[in-house]
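These are the residues of each chain, in order.
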Amino acid sequence: MPGAFWCIVEDDRQGNPKKVMAEVLGEAARLTGQAGGQAEAVWLTDKATPEGVKQLGEFGAKRVWVLENAALATYRGEVWTPLLADLAAKESPQAILAPVTTRQRELMARLAARLGAGLSADSTALALEEGKLVATRPVYAGKLLSKVTWSKTPWLVTLRPNVFRPAEPQAGASPQVEKPAVSMPTEAMKLVERKEEAATGLPELAEAEIVVSGGRGLKGPENFVILEDLAKVVGAAVGASRAAVDAGWRPHRFQIGQTGRTISPKLYMGFGISGAIQHLAGMRTSKVICAVNKDPEAPIFKIADYGIVGDLFEVVPLLTAEFKKLLEK
Ligand SMILES: Cc1cc2nc3c(=O)[nH]c(=O)nc-3n(C[C@H](O)[C@H](O)[C@H](O)COP(=O)(O)OP(=O)(O)OC[C@H]3O[C@@H](n4cnc5c(N)ncnc54)[C@H](O)[C@@H]3O)c2cc1C
(Lines give C-alpha, C1' and ligand atoms only; values in the text may rest on other atoms or scores of the structure.)
Protein backbone atom coordinates (compact mmCIF):
# COMPACT_ATOMS: atom_id res chain seq x y z
CA MET A 1 0.00 0.00 0.00
CA PRO A 2 1.51 3.37 -0.94
CA GLY A 3 2.10 5.37 2.23
CA ALA A 4 2.77 2.23 4.26
CA PHE A 5 5.73 2.10 6.61
CA TRP A 6 6.84 -1.52 6.64
CA CYS A 7 8.61 -2.96 9.64
CA ILE A 8 10.59 -6.15 9.03
CA VAL A 9 9.98 -8.47 11.96
CA GLU A 10 12.84 -9.69 14.09
CA ASP A 11 11.72 -12.75 16.03
CA ASP A 12 13.14 -15.48 18.22
CA ARG A 13 12.58 -18.08 15.46
CA GLN A 14 9.97 -19.69 17.71
CA GLY A 15 7.10 -17.52 16.50
CA ASN A 16 7.55 -14.59 18.90
CA PRO A 17 8.49 -11.08 17.73
CA LYS A 18 11.33 -9.62 19.78
CA LYS A 19 10.64 -6.70 22.05
CA VAL A 20 12.69 -4.38 19.82
CA MET A 21 9.71 -4.56 17.43
CA ALA A 22 7.77 -2.37 19.87
CA GLU A 23 10.38 0.32 19.18
CA VAL A 24 10.35 -0.11 15.38
CA LEU A 25 6.56 -0.31 15.08
CA GLY A 26 6.14 2.47 17.64
CA GLU A 27 8.30 4.76 15.51
CA ALA A 28 6.53 3.73 12.29
CA ALA A 29 3.14 4.43 13.92
CA ARG A 30 4.36 7.83 15.16
CA LEU A 31 5.60 8.81 11.69
CA THR A 32 2.55 7.56 9.81
CA GLY A 33 0.42 9.44 12.34
CA GLN A 34 2.00 12.60 10.92
CA ALA A 35 2.35 11.59 7.27
CA GLY A 36 -0.79 9.55 6.71
CA GLY A 37 -0.49 5.92 5.68
CA GLN A 38 -0.08 3.15 8.20
CA ALA A 39 2.47 1.01 10.02
CA GLU A 40 2.63 -2.54 8.73
CA ALA A 41 4.70 -5.56 9.76
CA VAL A 42 6.32 -7.96 7.32
CA TRP A 43 7.14 -11.30 8.86
CA LEU A 44 9.26 -13.95 7.13
CA THR A 45 8.98 -17.09 9.19
CA ASP A 46 8.36 -20.80 9.27
CA LYS A 47 5.87 -20.39 12.10
CA ALA A 48 3.69 -17.32 12.38
CA THR A 49 1.87 -17.88 15.65
CA PRO A 50 -1.49 -16.15 16.24
CA GLU A 51 0.01 -14.70 19.45
CA GLY A 52 2.89 -13.24 17.44
CA VAL A 53 0.52 -11.63 14.91
CA LYS A 54 -1.60 -10.27 17.78
CA GLN A 55 1.48 -8.84 19.45
CA LEU A 56 2.53 -7.06 16.25
CA GLY A 57 -0.97 -5.56 16.09
CA GLU A 58 -0.71 -4.43 19.69
CA PHE A 59 2.62 -2.75 18.88
CA GLY A 60 0.86 -0.71 16.16
CA ALA A 61 0.85 -2.78 12.94
CA LYS A 62 -2.43 -2.18 11.11
CA ARG A 63 -1.59 -4.95 8.69
CA VAL A 64 0.72 -7.95 9.02
CA TRP A 65 2.20 -9.51 5.90
CA VAL A 66 3.00 -13.11 6.72
CA LEU A 67 5.44 -14.83 4.38
CA GLU A 68 5.41 -18.31 5.82
CA ASN A 69 7.34 -21.28 4.54
CA ALA A 70 9.26 -24.11 6.21
CA ALA A 71 12.35 -23.05 4.26
CA LEU A 72 12.30 -19.65 6.03
CA ALA A 73 13.17 -21.22 9.39
CA THR A 74 16.75 -20.08 9.04
CA TYR A 75 17.80 -16.67 7.77
CA ARG A 76 19.53 -16.76 4.40
CA GLY A 77 20.05 -13.50 2.59
CA GLU A 78 19.83 -14.93 -0.91
CA VAL A 79 16.40 -16.40 -0.12
CA TRP A 80 14.88 -13.63 1.99
CA THR A 81 15.97 -10.68 -0.16
CA PRO A 82 14.15 -11.57 -3.42
CA LEU A 83 10.97 -12.46 -1.50
CA LEU A 84 10.91 -9.07 0.17
CA ALA A 85 12.01 -7.23 -2.96
CA ASP A 86 9.19 -8.80 -5.02
CA LEU A 87 6.59 -7.89 -2.42
CA ALA A 88 7.95 -4.34 -2.14
CA ALA A 89 7.87 -3.96 -5.94
CA LYS A 90 4.20 -5.01 -5.92
CA GLU A 91 3.07 -3.03 -2.88
CA SER A 92 5.25 0.10 -3.12
CA PRO A 93 5.68 0.86 0.59
CA GLN A 94 6.86 4.37 1.34
CA ALA A 95 9.43 3.24 3.91
CA ILE A 96 10.98 -0.02 5.11
CA LEU A 97 12.23 -0.07 8.70
CA ALA A 98 14.09 -2.79 10.60
CA PRO A 99 15.96 -3.03 13.90
CA VAL A 100 19.76 -3.22 13.86
CA THR A 101 20.43 -6.91 14.38
CA THR A 102 23.01 -9.14 12.76
CA ARG A 103 20.69 -10.50 10.12
CA GLN A 104 18.66 -7.32 9.49
CA ARG A 105 21.86 -5.38 8.90
CA GLU A 106 22.68 -7.73 6.04
CA LEU A 107 19.13 -8.15 4.80
CA MET A 108 18.44 -4.42 4.57
CA ALA A 109 21.71 -3.75 2.73
CA ARG A 110 20.88 -6.48 0.23
CA LEU A 111 17.32 -5.19 -0.12
CA ALA A 112 18.52 -1.63 -0.74
CA ALA A 113 20.83 -2.88 -3.48
CA ARG A 114 18.07 -5.00 -5.02
CA LEU A 115 15.55 -2.12 -5.01
CA GLY A 116 18.09 0.54 -6.01
CA ALA A 117 17.00 2.40 -2.88
CA GLY A 118 18.88 4.36 -0.22
CA LEU A 119 19.52 2.98 3.27
CA SER A 120 20.26 4.90 6.46
CA ALA A 121 21.92 2.30 8.67
CA ASP A 122 22.04 2.39 12.47
CA SER A 123 19.81 5.45 12.72
CA THR A 124 19.20 7.07 16.09
CA ALA A 125 16.42 9.53 15.20
CA LEU A 126 13.78 9.91 12.49
CA ALA A 127 11.67 12.89 11.58
CA LEU A 128 9.46 14.07 8.75
CA GLU A 129 10.36 17.39 7.16
CA GLU A 130 8.01 18.70 4.50
CA GLY A 131 6.61 15.21 4.15
CA LYS A 132 10.03 13.61 3.61
CA LEU A 133 11.91 11.36 5.98
CA VAL A 134 15.10 12.65 7.57
CA ALA A 135 17.23 10.15 9.49
CA THR A 136 20.00 10.95 11.95
CA ARG A 137 22.91 8.56 12.24
CA PRO A 138 26.19 8.78 14.15
CA VAL A 139 29.37 8.76 12.05
CA TYR A 140 33.12 8.85 12.80
CA ALA A 141 32.75 6.64 15.85
CA GLY A 142 29.89 8.77 17.16
CA LYS A 143 31.85 12.05 17.01
CA LEU A 144 29.45 13.55 14.46
CA LEU A 145 25.79 13.13 13.63
CA SER A 146 24.85 13.06 9.96
CA LYS A 147 21.41 13.77 8.51
CA VAL A 148 20.24 11.51 5.71
CA THR A 149 17.49 12.20 3.18
CA TRP A 150 16.33 10.21 0.18
CA SER A 151 15.81 11.20 -3.42
CA LYS A 152 13.16 8.53 -3.93
CA THR A 153 11.07 5.97 -2.08
CA PRO A 154 11.15 3.48 -0.49
CA TRP A 155 13.13 4.98 2.37
CA LEU A 156 15.12 2.15 3.97
CA VAL A 157 16.24 2.55 7.57
CA THR A 158 17.70 0.38 10.30
CA LEU A 159 17.01 1.60 13.83
CA ARG A 160 19.44 1.29 16.72
CA PRO A 161 17.81 -0.71 19.53
CA ASN A 162 16.99 0.94 22.87
CA VAL A 163 16.94 4.44 21.38
CA PHE A 164 13.39 4.82 20.03
CA ARG A 165 10.40 5.01 22.35
CA PRO A 166 8.60 1.65 22.38
CA ALA A 167 4.91 1.57 21.47
CA GLU A 168 2.44 1.38 24.34
CA PRO A 169 0.78 -1.99 23.60
CA GLN A 170 -2.82 -1.47 22.40
CA ALA A 171 -4.71 -4.36 23.97
CA GLY A 172 -7.22 -6.00 21.67
CA ALA A 173 -5.83 -4.53 18.42
CA SER A 174 -6.42 -6.97 15.58
CA PRO A 175 -4.40 -6.27 12.47
CA GLN A 176 -5.44 -7.25 8.97
CA VAL A 177 -3.42 -10.32 7.98
CA GLU A 178 -2.18 -10.89 4.42
CA LYS A 179 -0.63 -14.17 3.39
CA PRO A 180 0.75 -13.72 -0.12
CA ALA A 181 1.81 -16.87 -1.96
CA VAL A 182 5.47 -17.55 -1.26
CA SER A 183 7.37 -18.88 -4.25
CA MET A 184 10.76 -19.82 -2.93
CA PRO A 185 13.68 -18.65 -5.05
CA THR A 186 16.26 -21.19 -6.11
CA GLU A 187 18.95 -21.34 -3.47
CA ALA A 188 22.53 -20.68 -4.37
CA MET A 189 23.66 -22.29 -1.13
CA LYS A 190 22.59 -25.38 0.75
CA LEU A 191 22.24 -25.46 4.51
CA VAL A 192 24.35 -28.35 5.71
CA GLU A 193 24.04 -28.13 9.47
CA ARG A 194 22.64 -25.78 12.07
CA LYS A 195 23.96 -25.69 15.62
CA GLU A 196 22.01 -23.89 18.31
CA GLU A 197 24.06 -21.96 20.79
CA ALA A 198 23.64 -23.08 24.40
CA ALA A 199 21.35 -20.65 26.23
CA THR A 200 23.19 -18.55 28.83
CA GLY A 201 20.04 -17.41 30.64
CA LEU A 202 21.28 -13.83 30.20
CA PRO A 203 19.63 -11.32 27.86
CA GLU A 204 20.99 -10.73 24.37
CA LEU A 205 23.65 -8.01 24.21
CA ALA A 206 21.91 -5.69 21.72
CA GLU A 207 18.52 -5.95 23.45
CA ALA A 208 19.59 -5.82 27.08
CA GLU A 209 18.50 -2.88 29.21
CA ILE A 210 21.61 -3.35 31.37
CA VAL A 211 25.05 -4.31 30.08
CA VAL A 212 28.12 -5.09 32.15
CA SER A 213 31.27 -5.08 30.12
CA GLY A 214 34.82 -6.22 30.80
CA GLY A 215 38.16 -5.22 29.33
CA ARG A 216 41.83 -6.03 29.57
CA GLY A 217 41.66 -5.13 33.26
CA LEU A 218 39.91 -8.48 33.84
CA LYS A 219 43.32 -10.07 33.27
CA GLY A 220 42.03 -13.38 31.93
CA PRO A 221 38.97 -15.25 30.63
CA GLU A 222 38.38 -17.04 33.92
CA ASN A 223 37.70 -13.72 35.65
CA PHE A 224 34.65 -12.93 33.52
CA VAL A 225 32.76 -15.15 35.95
CA ILE A 226 32.60 -12.23 38.42
CA LEU A 227 30.89 -10.11 35.76
CA GLU A 228 28.51 -12.98 34.96
CA ASP A 229 27.59 -13.21 38.65
CA LEU A 230 26.83 -9.50 38.71
CA ALA A 231 24.92 -9.78 35.42
CA LYS A 232 22.73 -12.57 36.80
CA VAL A 233 21.79 -10.48 39.82
CA VAL A 234 20.83 -7.36 37.85
CA GLY A 235 19.51 -9.13 34.71
CA ALA A 236 22.26 -7.80 32.43
CA ALA A 237 24.06 -9.01 29.31
CA VAL A 238 27.86 -9.32 29.42
CA GLY A 239 29.92 -7.51 26.79
CA ALA A 240 33.64 -6.98 26.26
CA SER A 241 36.20 -4.61 24.81
CA ARG A 242 38.18 -5.54 21.74
CA ALA A 243 41.29 -6.10 23.86
CA ALA A 244 39.42 -8.83 25.75
CA VAL A 245 38.06 -10.29 22.51
CA ASP A 246 41.41 -10.17 20.70
CA ALA A 247 42.98 -11.97 23.66
CA GLY A 248 40.47 -14.78 23.07
CA TRP A 249 38.69 -14.23 26.39
CA ARG A 250 35.26 -13.68 24.83
CA PRO A 251 33.83 -14.50 21.37
CA HIS A 252 33.65 -11.62 18.90
CA ARG A 253 29.84 -11.40 19.07
CA PHE A 254 30.24 -9.91 22.56
CA GLN A 255 32.55 -7.13 21.42
CA ILE A 256 31.21 -3.62 21.88
CA GLY A 257 32.52 -0.85 19.69
CA GLN A 258 33.33 0.34 16.22
CA THR A 259 34.23 -3.12 14.94
CA GLY A 260 31.77 -4.90 17.23
CA ARG A 261 28.19 -4.34 18.37
CA THR A 262 26.53 -1.01 18.97
CA ILE A 263 24.48 -0.97 22.13
CA SER A 264 22.32 1.63 23.80
CA PRO A 265 21.16 0.17 27.11
CA LYS A 266 19.57 2.07 29.96
CA LEU A 267 22.63 1.27 32.06
CA TYR A 268 26.18 0.41 30.92
CA MET A 269 28.77 -0.61 33.48
CA GLY A 270 32.36 -0.92 32.26
CA PHE A 271 35.03 -2.71 34.29
CA GLY A 272 38.74 -2.51 33.48
CA ILE A 273 38.02 -0.72 30.20
CA SER A 274 40.08 2.37 29.40
CA GLY A 275 37.48 4.00 27.14
CA ALA A 276 39.22 4.15 23.76
CA ILE A 277 37.26 6.08 21.14
CA GLN A 278 36.55 2.87 19.20
CA HIS A 279 34.93 1.35 22.30
CA LEU A 280 32.93 4.50 23.03
CA ALA A 281 31.57 4.34 19.46
CA GLY A 282 29.60 1.26 20.47
CA MET A 283 28.16 2.43 23.79
CA ARG A 284 28.22 6.20 24.11
CA THR A 285 24.45 6.50 23.57
CA SER A 286 23.80 4.41 26.71
CA LYS A 287 21.45 6.33 29.02
CA VAL A 288 23.61 6.00 32.16
CA ILE A 289 27.30 5.06 32.05
CA CYS A 290 29.20 3.75 35.06
CA ALA A 291 32.89 2.91 35.01
CA VAL A 292 35.24 1.16 37.39
CA ASN A 293 38.92 1.64 36.69
CA LYS A 294 41.97 1.82 38.90
CA ASP A 295 43.42 4.66 36.82
CA PRO A 296 41.74 8.00 37.69
CA GLU A 297 42.95 9.38 34.32
CA ALA A 298 41.24 6.64 32.27
CA PRO A 299 39.34 8.35 29.40
CA ILE A 300 36.16 6.42 30.17
CA PHE A 301 35.63 8.67 33.20
CA LYS A 302 35.17 11.61 30.79
CA ILE A 303 31.87 10.20 29.55
CA ALA A 304 30.85 8.28 32.68
CA ASP A 305 27.90 9.53 34.72
CA TYR A 306 29.25 7.62 37.73
CA GLY A 307 32.78 6.38 38.29
CA ILE A 308 34.64 4.39 40.89
CA VAL A 309 38.42 4.60 41.00
CA GLY A 310 39.36 1.23 42.35
CA ASP A 311 40.34 -2.37 41.77
CA LEU A 312 37.54 -4.15 39.95
CA PHE A 313 38.36 -7.40 41.75
CA GLU A 314 37.32 -5.69 44.99
CA VAL A 315 34.52 -3.53 43.60
CA VAL A 316 32.58 -6.10 41.51
CA PRO A 317 31.88 -8.59 44.35
CA LEU A 318 30.82 -5.69 46.60
CA LEU A 319 28.44 -4.37 43.91
CA THR A 320 27.04 -7.85 43.33
CA ALA A 321 26.37 -8.33 47.05
CA GLU A 322 24.78 -4.88 47.41
CA PHE A 323 22.55 -5.29 44.34
CA LYS A 324 21.52 -8.70 45.61
CA LYS A 325 20.47 -7.22 48.94
CA LEU A 326 18.61 -4.32 47.30
CA LEU A 327 16.83 -6.41 44.69
CA GLU A 328 15.81 -9.12 47.11
CA LYS A 329 14.01 -6.59 49.31
C1 LIG B 1 40.30 0.22 13.71
C2 LIG B 1 40.11 -0.10 15.17
C3 LIG B 1 38.90 -0.60 15.58
C4 LIG B 1 38.72 -0.90 16.94
N5 LIG B 1 37.50 -1.39 17.35
C6 LIG B 1 37.28 -1.57 18.67
C7 LIG B 1 36.01 -2.00 19.15
O8 LIG B 1 35.08 -2.27 18.39
N9 LIG B 1 35.84 -2.15 20.47
C10 LIG B 1 36.84 -1.89 21.39
O11 LIG B 1 36.62 -2.06 22.60
N12 LIG B 1 38.05 -1.51 20.95
C13 LIG B 1 38.29 -1.36 19.61
N14 LIG B 1 39.55 -1.00 19.20
C15 LIG B 1 40.65 -1.04 20.16
C16 LIG B 1 40.73 0.17 21.05
O17 LIG B 1 41.52 1.16 20.44
C18 LIG B 1 41.39 -0.20 22.40
O19 LIG B 1 42.65 -0.77 22.15
C20 LIG B 1 40.57 -1.19 23.24
O21 LIG B 1 39.25 -0.71 23.36
C22 LIG B 1 41.21 -1.31 24.62
O23 LIG B 1 40.52 -2.25 25.36
P24 LIG B 1 40.55 -2.15 26.96
O25 LIG B 1 39.98 -0.85 27.38
O26 LIG B 1 39.93 -3.40 27.48
O27 LIG B 1 42.11 -2.26 27.29
P28 LIG B 1 43.13 -1.17 27.80
O29 LIG B 1 43.10 0.03 26.96
O30 LIG B 1 44.41 -1.89 27.97
O31 LIG B 1 42.56 -0.76 29.22
C32 LIG B 1 42.51 -1.60 30.32
C33 LIG B 1 42.05 -0.75 31.48
O34 LIG B 1 41.88 -1.57 32.63
C35 LIG B 1 42.28 -0.84 33.76
N36 LIG B 1 42.59 -1.83 34.81
C37 LIG B 1 43.60 -2.73 34.83
N38 LIG B 1 43.51 -3.51 35.92
C39 LIG B 1 42.41 -3.08 36.61
C40 LIG B 1 41.81 -3.49 37.83
N41 LIG B 1 42.27 -4.51 38.54
N42 LIG B 1 40.71 -2.81 38.25
C43 LIG B 1 40.21 -1.77 37.54
N44 LIG B 1 40.74 -1.35 36.37
C45 LIG B 1 41.84 -2.00 35.92
C46 LIG B 1 43.46 -0.03 33.29
O47 LIG B 1 43.66 1.11 34.13
C48 LIG B 1 43.04 0.34 31.88
O49 LIG B 1 42.38 1.60 31.85
C50 LIG B 1 39.76 -0.71 17.86
C51 LIG B 1 41.00 -0.20 17.41
C52 LIG B 1 41.15 0.11 16.09
C53 LIG B 1 42.47 0.66 15.65
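Quick caveat: nothing in here was measured; it's all calculated off a predicted structure.

Q: It is not clear to me how helix 5 (residues 224-234) should be interpreted in this structure. Could you clarify?
A: Structural remark: α-helix, 3.6 residues per turn; residues separated by three or four positions point the same way. Every buried residue belonging to helix 5 is among Phe224, Leu227, Leu230, Ala231 and Val234, and all of these are buried. End-on view of helix 5: buried residues confined to an arc of 115°, all on one side of the axis. Where helix 5 is buried, its residues contact strand 11 (210-214), strand 12 (237-240), helix 6 (242-246), strand 13 (267-271) and helix 9 (312-328). Where helix 5 ends, the next residue or the one after it, glycine 235, has phi of about 70°, a positive value.

Q: Help me out: how do you make sense of the packing of helix 5 against helix 9 in this one?
A: Helix-helix packing: each pair is described by the crossing angle between the helix axes and the interaxial distance. Following both chains from N to C, one finds helix 5 and helix 9 inclined at 20°, their axes separated by 9 Å at the closest point. On the basis of the axis angle, helix 5 is roughly parallel to helix 9. The way helix 5 lies across helix 9 gives a crossing that is left-handed. Between helix 5 and helix 9, the residues in contact are Ile226, Leu227, Asp229, Leu230, Val233 and Val234 and Leu312, Phe313, Val316, Leu319, Thr320, Phe323, Lys324 and Leu327, respectively. When the residues that make up the contact of helix 5 with helix 9 are grouped by side-chain class, the tally is eleven nonpolar, one polar and two charged.

Q: Help me out: how do you make sense of the environment of isoleucine 96 in this one?
A: Along the chain, the position of isoleucine 96 falls in strand 4 (residues 95-99). Sequence separation of isoleucine 96 and lysine 287 is 191 residues, and the distance between their C-alpha atoms is 27 Å. Non-local contacts of isoleucine 96, meaning those with residues more than four positions away in its chain, are made with Trp6, Ile8, Ala88, Met108, Leu111, Leu115, Pro154, Trp155, Leu156 and Val157.

What counts, and at which threshold
- Residues numbered from 1 in each chain as written.
- Predicted model: local features only at pLDDT ≥ 70, side-chain atom pairs only at ≥ 80, totals over all residues.
- Heavy atoms only, no water.
- Buried < 20%, exposed > 50% of the residue type's maximum accessible area, 1.4 Å probe, protein only.
- Helix = DSSP H or I, 4+ residues; strand = E, 2+ residues; numbered from the N terminus.
- Arc of directions from axis to C-beta.
- Contact = heavy atoms within 4.5 Å.
- Axes fitted to C-alpha atoms, helices over the stretch in contact; angles between N-to-C directions.
- Parallel < 35°, antiparallel > 145°, perpendicular 65-115°, else oblique.
- Left-handed = near helix turned anticlockwise from the far one by under 90°.
- Nonpolar A, V, L, I, M, F, W, Y, C, P; charged D, E, K, R; others polar.

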